[in-house]
Amino acid sequence: MTMNRRTLLGAAATAPVWGALPFRSARAQAANTIRIGVLNDQSSLYRDISGPGSTQAVRLAIQESGITQAGINVEVVQADHQNRPDVGSTVARQWLDRDGVDVIVDVPTSSVALAVNTLVRERNKVFINSGAATSDLTGSACTPNTIHWTYDTYMLAKGTGGAMVAAGGRTWFFITADYAFGHALERDTTTFVNAAGGRVVGSVRTPFPGTTDFSSFLQQAQRSRAQVIGLANAGGDTINSIKQAGEFRITRGGTKLAGLLVFVTDVHSLGLETAQGLVLTETFYWDLNDRTRAFTQRLGQMPGNLRPSMVQAGCYSGVLHYLKAVRDMGVAAAKASGAEAVARMKAMPTSDDAFGEGTIRPDGRKIHPAYLFEVKTPQESRGAWDYYKLVSTIPANEAFRPINEGGCALVRS
Amino acid sequence: MEDLLFELQLAMPQVILGVINGAFYALLSLGLAVIFGMLNVINFAHGAQFMMGAFVAWMLLAFLGIGYWPALILAPLIVGLVGVLMERLMISRLYKLDHLYGLLLTFGCALVIEGLFRNNFGSSGQRYTPPREFQALNLEIGDFFLPGYRVWVLIAATAVCLATWLVIEKTKIGSYLRAATERPQLVQAFGINVPLMMTLTYGAGVALAAFAGVLAAPIYSVHPAMGANFIITVFAVVVIGGMGSIAGSIVTGFLLGFLQGVTEVVYPPFSQTVVFVIMAIVLLTRPAGLFGRA
C-alpha cells in the first residue's frame, strides 16, 4: 500500500519533467523548421477549388523541393476560414503570433485575403495568395510580404471580356452578384468590352448570398437582346446560372454565355451537356501539356476524386518557389524577415510543371500566361475530365495588369 | 398608363416564375408548420432534410439506376424514415423542455448532416437531369419560354399541399392530430397512441421536405448547402404565415414567391430582403402571423 502510494507520488513528481521534455526539443527544432499555414475554405462553396486539395498540393511541393534532405524541417497546418474575414483574421493572428507560422498560403475569398494581407505585413511574414481574385492585392493593397500567384479579376476580365468581343460578341448584359467581388468583375470587364469596341446594354444585381433561382434574371438578360451574357459571379451562383440558362434555352437565339470566374470543378459539376460552349479563362488546366499532366499524376488522388484546380496548382507552385528561396538564403534569414524572403523569391525566376517558366514582379504579381478555353461538347470529349479546348493563349506579358496601372506603392518608390 | 400595362405584360413571365419558386416555399414551410403544430419543435434540420431528398434521388439514379418517378416516392420514404429515427432517438427526449432545446438539437443535426455530405460529395454539387417527357409540357409564348419541368413542379407542389391540408383538416386522422396538438393528455386518455402519432408526424414533415428536394434536384445543382440557402427564407415564410398554421404556410409560401417575382423585375437587389421586410411588418402589426391564432 505504502509502496503503491510512493510510486504514485514519484510518478506525480516526475510528471512536469515528462511534460517539459518534448516541449524543449520542439523549441530546439523550431529554429530549423519552416511552418506553412494553409488557410482556405474547407466547408462551403470554395472547398472543391481550394480546401484539402490545396494542402495536398502543398505537401507535394515540400516533397519535391528536396528541402528535408537538406536538413530543414517543414510543417504544414491547415484551417477553415469559412469565407469570413473575422474568422480568417483570428486564425491568421494565432498562427503568426503563437504558433510560429512563417508563411500563409491560398486564402480564397477576397475580403479574407485582404485582412490576412495586412496582418502578414505587420508581422513581417510571407503571404502567398492563390485563391483570391481581387487585383487590389497587387494594386492599392500591395505589400512587400505578399505574392499574388494564380489569377486576378483584371486577368479574368481581360481574358474573357476582350476575347469575346474579338469573337463577335459586341453587346453585353451582366448578371452580377451584388457584393464587392461581383461589382469589381463587372467594372473591369466593362472596361475591356468598351476598349474592344463593344457595348454594355444592361446589368442586373442579384442578392448575395441566397439567390438560388436565376431564371428571372436570365430572362431579363435575354430580353435585352445582348449577344453575350456575362456572369459576374462565382461558385454555386455561376453553376446555377449556367444550369438554368440551359433549362430556359437562353442561348437558343445565339446568345453566348461568358463565365467570368469558372473553375474546372464547376464544369465537372455542371457536366458537358449543360456547360458546352461556355467560354472562360484559367491559368492552369491539368490536360494543357505534358508537364501539367505529369504534375496532375504526381498529385495522386485528390479529395472527392477531382482533378486539381488552378488555385490548388498555384499553392503547389508558390510553396515550391518559396522553399527554393529558403534553401537559397537559409532558414534563419527566411524566418527572420518575410519581406527579405519575398524579395529573394522575386529575384529568382520561377519554374515548375504547373505553370512553366515565370517571374514575380516588384508589386508581387506572379506572371505567367493565361488561357482562353471553350468547354467541349459531349461528342468532342474523349474521356473523364476532358473538358476544355484551347481557344487562345494570352502571353505572360499581356495577361495581367501593367505594373504602373495598379497604384502599388512599391512600384513608385 | 399604356406603357405601364405593356411593362406588366412583359413582367408576367417573371411573376409566373416567382409563383413557381413559391411552390418550394409552400412545400417546405408546410412541413415545418406540420412539425411545429404537432410537436412544438422548430425543425432547423428541415433544410438538411430537403437536401437529403435531392441527394437520395441522385444516389438512386447514379448508383442503382432508379429514375425520377420511383425516386419521387422512394426518396421521401427513405428520408422520412431517417426522420422517424431522429425523432425516436433524440427529439422525443426534448418535448418537456423549452423550444430552444429542440431548435439547438435540430440545428446541430443539420450541421452534422451537411458536413457528412460535404466530406463525401464535395461542395460543387452533382447534376440530376429530369426525364425527357417533361419537354412535352414546354410552354413557348413569343420570347417567353417556360420549361415543362417547372410547370410540373407547380402542379405537383400544389397537389401535395392540397392533399396535406385535406388530410389534416378533413379526415379522422387529421382530427386526432389536431386534438392531440391541443390536449395531448386527454387524447391519450381516449386510447390514442400520441407518441406514435408524433413520431409519424415528424416523419411526414420530413418526407415533405425530401419531396421538395426531389422536385428541386433537376433545377438546382444537388449540393450540401442547397437546403441552407432556402431555409432562412422558409422560416420567414412560416413566421409570416403564423407558426403552425397549415393553410397559412401554404398561402404565404405562394404569396411570397409571387412578391419575390415582382421584386426581381422592379428592383432585383431587394428580392431577398423583401421577404424579411414583410416579416418585420407582420411581426409588428400581427405578432401571431397572418393566419395564426394569438
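**Q** Please provide a residue-by-residue account of the overall build of chain A, values included.
**A** Secondary structure assignment for chain A yields 16 helices and 15 strands. Relative to the globule expectation of 22 Å for 413 residues, the C-alpha radius of gyration of chain A, 23 Å, shows essentially globular dimensions. Across its three principal axes, chain A shows a C-alpha extent of roughly 90 × 55 × 40 Å. Considering chain A as a whole, with its 413 residues, one finds that 55% of them fall into the buried category.

**Q** Go over the overall build of chain B, please, and point to the residues and values.
**A** Check the secondary structure of chain B and you find 11 helices and two strands. Element order for chain B, N to C, with α for helix and β for strand: α-α-α-α-β-β-α-α-α-α-α-α-α. In terms of C-alpha radius of gyration, chain B reaches 19 Å, essentially the compact-globule figure of 19 Å for 294 residues. By the burial criterion, 49% of the 294 residues in chain B qualify as buried.

**Q** Let's hear about the packing of helix α12 (residues 310-329) of chain A against helix α14 (residues 338-347) of chain A: which residues, and what values?
**A** All names here are of chain A. Taken N-terminus to C-terminus, the directions of α12 and α14 make an angle of 105 degrees; their axes are 9 Å apart at the nearest point. Judged by the inter-axis angle, α12 sits roughly perpendicular to α14. On α14, the residues that touch H321, Y322, A325, V326, D328 and M329 of α12 are A341, R344 and M345. When grouped by side-chain class, the residues that make up the contact of α12 with α14 number six nonpolar, one polar and two charged.

**Q** How would you summarise the interface of chain B and chain A if you had to cite specific residues and measurements?
**A** Opposite the 27 residues of chain B that make contact, chain A presents 34 residues. Only α1 (2-39), α9 (226-241) and α10 (246-266) of chain B provide two or more residues apiece to the side of chain B that touches chain A. At four residues, the largest contribution of residues to the side of chain B that touches chain A is made by α1 of chain B. Residues that form the side of chain B that touches chain A fall into these classes: 11 nonpolar, 12 polar and four charged.

**Q** So what about the confidence of the model for chain A? Which residues, and what values?
**A** All names here are of chain A. When pLDDT is averaged across chain A, the result is 89; 92% of the residues are at 70 or more. For chain A, helix α1 (residues 2-30) is the element with the lowest average pLDDT, namely 46, and strand β4 (residues 126-129) is the one with the highest, namely 98. Low pLDDT, under 50, characterises residues 6-28; the stretch is placed with zero contacts to residues that sit more than four places away or in other chains.

**Q** Talk me through the sheet that holds strand β2 (residues 73-80) of chain A; I want residue IDs and the actual numbers.
**A** All names here are of chain A. The strand order across the open sheet formed by five strands is β2-β1-β3-β4-β5, and the pairing between neighbours is parallel. Where the open sheet ends on each side, the last strands, each with one partner, are β2 and β5 (146-148). On average, each strand axis in the sheet is tilted by 15 degrees relative to the strand beside it, whichever way the strands run. In this sheet, β4 lies alongside strand β3 (residues 103-106) in parallel orientation, the contact comprising four bridges. Directly across from V103, in β4, lies its bridge partner V126.

**Q** Talk me through unusual backbone geometry; I want residue IDs and the actual numbers.
**A** With phi around 60 degrees, R225 of chain A is a residue other than glycine that occupies positive phi space. Note that R225 of chain A resides in the loop between α7 (215-223) and β8 (228-232). Unusually for a residue other than glycine, N40 of chain B sits at a positive phi of about 60 degrees. Inspection of the secondary structure puts N40 of chain B in the loop between α1 and α2 (46-64). Its 17 C-beta neighbours within 10 Å are what place N40 of chain B among the partly exposed residues.

**Q** For the pairing of strand β7 (residues 199-206) of chain A, give the residues involved together with the corresponding values.
**A** Alignment of strand β6 (residues 171-177) of chain A against β7 of chain A, held across seven bridges, turns out to be parallel. Considered in β7 of chain A, the bridge of A177 of chain A is made with T206 of chain A.

**Q** I'd love a proper account of the environment of T160 of chain A, names of residues and values included.
**A** Residues and elements named next belong to chain A. With respect to the element layout, T160 can be found in helix α5 (residues 153-166). Sequence separation between T160 and E282 is 122 residues, and the spatial gap between their C-alpha atoms is 9.5 Å. Excluding anything up to four places from it in sequence, T160 contacts A258, L260, V279, L280 and T281.

**Q** For the nonpolar core, give the residues involved together with the corresponding values.
**A** Nonpolar side chains in soluble globular proteins tend to be buried together. Counting 122 residues, the largest nonpolar core has V58, I104, V116, Y316 and V319 of chain A as the members making the most contacts within it. Ranked by residues supplied to this core, first place goes to α12 of chain A with 11 residues. Residue contributions to this core reach at least three from each of two domains, namely domain 1 (32-151 + 289-364) and domain 2 (154-282 + 370-397) of chain A. Once residues within four sequence positions are removed from consideration, Y316 of chain A is found in contact with A57, V58, L60, A61 and A354 of chain A. Listed in part, the 84 residues of the second largest apolar core include M52, A57, A209 and F254 of chain B.

**Q** Any details on the environment of T146 of chain A? Residues and values, ideally.
**A** Residues and elements named next belong to chain A. By secondary structure assignment, the location of T146 is in strand β5. Spatially, the C-alpha atom of T146 lies 26 Å from that of T296, the residues being 150 residues apart in sequence. Here T146 is in contact with N117, V120, F127, N129, L137 and G364, once residues within four sequence places are set aside.

**Q** So what's going on with the sheet that holds strand β12 (residues 356-360) of chain A? Residues and values would help.
**A** All names here are of chain A. Read from one edge of the open sheet, three strands run β11-β12-β13, paired in antiparallel fashion. Two strands lie at the open edges of the sheet, namely β11 (350-352) and β13 (366-367), each paired on one side alone. The pairing of β12 with β13 spans two bridges and is classified as antiparallel. By the bridge assignment for β13, I360 is matched with K366.

**Q** If you had to explain the domain arrangement of chain A to someone new, which residues and values would you point to?
**A** All names here are of chain A. Looking at chain A, the domain boundaries give domain 1 (32-151 + 289-364) and domain 2 (154-282 + 370-397). On a C-alpha basis, the centroid separation for the pair domain 1 and domain 2 is 28 Å. Between domain 1 and domain 2, the contact holds 15 residues from the first and 16 residues from the second. Among the residues forming the side of domain 1 that touches domain 2, the class breakdown is seven nonpolar, six polar and two charged.

**Q** Summarise the packing of α2 of chain B against helix α4 (residues 99-121) of chain B; cite the residues concerned and give the values.
**A** All names here are of chain B. Running from N to C, α2 and α4 cross one another at 30 degrees; their axes reach a closest spacing of 9 Å. In terms of axis orientation, α2 runs roughly parallel to α4. Considering only the axes of α2 and α4, their crossing is left-handed. Counting all contacts with α2, which are made through G47, A48, M51, M52 and F55, the residues of α4 involved are C109, A110, I113, E114 and F117.

**Q** Just give me the short version of the confidence of the model for chain B, but keep the residues and values in it.
**A** Per-residue pLDDT for chain B averages 90, and the proportion of residues at 70 or more is 96%. On the interface metric, ipTM, the complex scores 0.82, and its pTM is 0.81.

**Q** Could you give an account of α5 of chain A, naming the residues involved and the relevant values?
**A** Residue and element names in this part refer to chain A. Here α5 is 14 residues long and its end C-alpha atoms lie 19 Å apart, about the 20 Å a rise of 1.5 Å per residue gives. Of all 14 residues in α5, 13 are buried, a share of seventy percent or more. Looking one or two residues beyond α5, the residue adopting positive phi is G168, at roughly 110 degrees.

**Q** Residues and numbers for the environment of Q56 of chain A, please.
**A** All names here are of chain A. Tracing the backbone shows Q56 in helix α2 (residues 51-65). The sequence separation of Q56 and Q301 amounts to 245 residues, and the corresponding C-alpha distance is 9.5 Å. Excluding residues within four positions of it along the chain, Q56 makes contact with L299 and M302.

The rules behind the values
- Residues numbered from 1 in each chain as written.
- Chains lettered and ligands numbered in written order.
- Predicted model: local features only at pLDDT ≥ 70, side-chain atom pairs only at ≥ 80, totals over all residues.
- Helix = DSSP H or I, 4+ residues; strand = E, 2+ residues; numbered from the N terminus.
- Rg over C-alpha atoms; globule rule 2.2 N^0.38 Å.
- Buried ≥ 20, exposed ≤ 12 C-beta atoms within 10 Å, placed from the backbone.
- Axes fitted to C-alpha atoms, helices over the stretch in contact; angles between N-to-C directions.
- Parallel < 35°, antiparallel > 145°, perpendicular 65-115°, else oblique.
- Contact = placed C-beta atoms within 7 Å.
- Nonpolar A, V, L, I, M, F, W, Y, C, P; charged D, E, K, R; others polar.
- pLDDT = per-residue confidence, 0-100.
- Pairing = 2+ DSSP bridges.
- Core = buried A, V, L, I, M, F, W, Y, C linked by C-beta atoms within 7 Å.
- Domains from an automatic or database assignment.
- Left-handed = near helix turned anticlockwise from the far one by under 90°.
- Expected span 1.5 Å × (residues − 1).

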